[in-house]
Amino acid sequence: MQRQDTWKIVERERDAIDPAEGIGFVSDPGFGGIDVFIGKVRDLNQGRAVLGISYDLFDPLVLAEFERLVAEVRAAHGPLLKLYVAHAKGRLAVGDVAVVVAAGSPHRDEAFKACRALIEAVKHRSPIWKQEHYEGGDSVWSEGCSLCELGHEPATPGALTADAAAATAARGP
Amino acid sequence: MREMTVQLFGAFSELDAAREIRLQVSGDRVADLRSALRDLLPTRWPAFRAGLLEYSAFADQQRVLRDQDALPEDGRVAILPPVSGG
């Protein structure tokens, strides 16, 4: 029996993520709706010209987390659902595809909801980090969501966003 | 005391070329490792913003660990700064 869902890491040095693969995977004769999210590297962030992004992943935990996230989305929006997640690893150039999430279902509502839920979970809970490379030659690690709420209270609750942003801005090449 | 190896990711990966550090930990909980790193980071890497540790989680290969969890038997954990995938 074919798997209903798939998830993977794509090493940019070896391959590129192909959104068509995601669409093909979630296609089914019984499915009339497919929703796809494609995340690409853009050339500007917070007013600075971006040349590329390096993605760092803790591979085994990323794959374990993708499996859990897919199961959660399936439980919430399935069972008539096929899900696909692919995330890039390594150095990407502007325009490269960083992530693809696809969801197929009999009707559009479930496809939209499942796709949105899955990409948000991938962004907020997967152990993936991006380092932006700027035109000026410096690079900065982007800091988004702390996983600490799973096990540790920050020393200064409520200050996470500003503090993390300050940490990011303070680091040089 | 037990020796732990911490795999480094994101901003922490710049601390060491091998992307891991070894340190002695007094205690067997994740919180004890956090405490040991709180002492080590500003000493060994004074230019690094050690405060990032307070917003970072720890994990083994299968799950994020809570501070009260036991340190893994194999002596290996990963430190996970705030994530930014997608």
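An account of the accompanying structure is given in this report.

How each quantity is defined
For every chain, the first residue of its written sequence is number 1, and the numbers climb from 1 along that sequence. Chain letters and ligand numbers both follow the written order, the letters beginning at A and the numbers at 1. Thresholds applied to this predicted model are a pLDDT of at least 70 for local features of residues and 80 or more for the giving and counting of side-chain atom pairs; totals over whole chains, interfaces and linings are not thresholded and use all residues. Secondary structure counts use DSSP, requiring at least four H or I residues in a row for a helix and at least two E residues in a row for a strand, with both numbered from the N terminus. Placing a C-beta atom from the backbone of each residue, one calls two residues in contact when those atoms lie within 7 Å. We compute the radius of gyration over the C-alpha atoms and compare it with the globule rule, which gives 2.2 Å times the number of residues raised to the power 0.38. Here a residue counts as buried when 20 or more other C-beta atoms sit within 10 Å of its C-beta, as exposed when there are 12 or fewer, and as partly exposed otherwise, the C-beta atoms being derived from the backbone. Note: two strands are recorded as paired if DSSP finds a minimum of 2 bridges between them. In this description, a line fitted to the C-alpha atoms serves as the axis of each element, helices being fitted only across the stretch in contact, and the angle between N-to-C directions of two axes falls anywhere from 0 to 180 degrees. When buried Ala, Val, Leu, Ile, Met, Phe, Trp, Tyr and Cys residues are joined through C-beta atoms within 7 Å, the set is termed a nonpolar core. Three classes are used, and their members are as follows: Ala, Val, Leu, Ile, Met, Phe, Trp, Tyr, Cys and Pro are nonpolar, Asp, Glu, Lys and Arg are charged, and the others, Gly among them, are polar. Expected helix span is given by 1.5 Å per residue-to-residue step, counting one fewer step than there are residues.

1. A few points about the overall build of chain A
Moving on, step 1. Looking only at helices and strands, chain A has four helices and eight strands in total.
Moving on, step 2. When the helices and strands of chain A are read in sequence order from the N terminus, they spell out β-α-β-β-β-α-β-β-α-β-β-α.
Moving on, step 3. Of all intrachain contacts in chain A linking residues separated by at least 6 positions in sequence, the fraction that spans at least 24 positions is 74%.

2. Section: the overall build of chain B
Moving on, step 1. Within chain B one finds one helix and five strands.
Moving on, step 2. The linear arrangement of helices and strands in chain B, starting from the amino end, is β-β-α-β-β-β.
Moving on, step 3. Expected size for 86 residues packed as a compact globule is a radius of gyration near 12 Å; at 12 Å, chain B falls within 12% of this value.
Moving on, step 4. In terms of overall dimensions, chain B has C-alpha extents of about 35 × 30 × 25 Å along its principal axes.
Moving on, step 5. Counting the 86 residues in chain B, one finds 36% classified as buried.
Moving on, step 6. Of the contacts made within chain B by residues no fewer than 6 positions apart, 52% connect residues no fewer than 24 positions apart.

3. Description of the sheet that holds strand S2 (residues 20-25) of chain B
Residues and elements named next belong to chain B.
Moving on, step 1. With mixed pairing, five strands are arranged side by side in an open sheet as S2-S1-S5-S3-S4. With partners counted over all chains shown, the strands left at the sheet margins are S2 and strand S4 (64-65), one partner each.
Moving on, step 2. Relative to S2, helix H1 (residues 30-44) is tilted by about 110°, and along the sheet it contacts strand S1 (2-8), S2, strand S3 (57-59), S4 and strand S5 (76-80).

4. Thoughts on the environment of A:Ser146
Moving on, step 1. Relative to the helices and strands, A:Ser146 is located in the loop between strand S8 (139-141) and helix H4 (160-170).
Moving on, step 2. A sequence separation of 107 residues divides A:Ser146 from A:Gly39, and the C-alpha atoms of the two residues are 21 Å apart.

5. Topic: the nonpolar core
Moving on, step 1. Core analysis: the biggest nonpolar cluster contains 65 residues, and A:Leu83, A:Val85, A:Val101, A:Leu118, B:Phe58 and B:Leu80 have the highest contact counts within it.
Moving on, step 2. In contact with A:Leu118, not counting residues within four places along its chain, are A:Leu69, A:Val70, A:Val73, A:Leu83, A:Val85, A:Val101 and A:Ala103.

6. Comments concerning the interface of chain A and chain B
Moving on, step 1. Chain A puts 35 residues into the contact, and the matching count from chain B is 26 residues.
Moving on, step 2. Only helix H2 (59-77), strand S6 (97-105), helix H3 (108-125), strand S7 (128-134) and H4 of chain A provide two or more residues apiece to the side of chain A that touches chain B.
Moving on, step 3. Sorting elements by how many residues they give to the side of chain A that touches chain B places H4(A) first, with four residues.
Moving on, step 4. Grouping the amino acids of the side of chain A that touches chain B by side-chain chemistry returns 22 nonpolar, eight polar and five charged.

7. Things to note about unusual backbone geometry
Moving on, step 1. With omega at 5°, the peptide bond leading from A:Gly78 into A:Pro79 counts as cis.
Moving on, step 2. Mapped onto the secondary structure, A:Pro79 falls in the loop between H2 and strand S5 (82-93).
Moving on, step 3. Positive phi is not limited to glycine here, since A:Gln46 has a value of about 50°.
Moving on, step 4. Counting through the fold element by element, A:Gln46 comes out in the loop between strand S3 (44-45) and strand S4 (48-57).
Moving on, step 5. A tally of 11 C-beta atoms within 10 Å means that A:Gln46 is categorised as exposed.
Moving on, step 6. Phi angles above zero are rare outside glycine, and B:Arg19 is one such case at about 60°.
Moving on, step 7. Assignment of secondary structure puts B:Arg19 in the loop between S1 and S2.
Moving on, step 8. The exposure class assigned to B:Arg19 is partly exposed, which follows from the 15 C-beta atoms found within 10 Å.

8. Focus on H1(B)
Given 3.6 residues to a turn, an α-helix orients residues that are three or four positions apart in the same direction.
Residue and element names in this part refer to chain B.
Moving on, step 1. The end-to-end C-alpha distance of H1 is 21 Å, a good match for the 21 Å that 15 residues give at a rise of 1.5 Å each.
Moving on, step 2. Val-30, Leu-33, Leu-37 and Leu-41 are the residues of H1 that are buried.
Moving on, step 3. Residues of H1 that are buried sit in contact with S1, S2, S3, S4 and S5.

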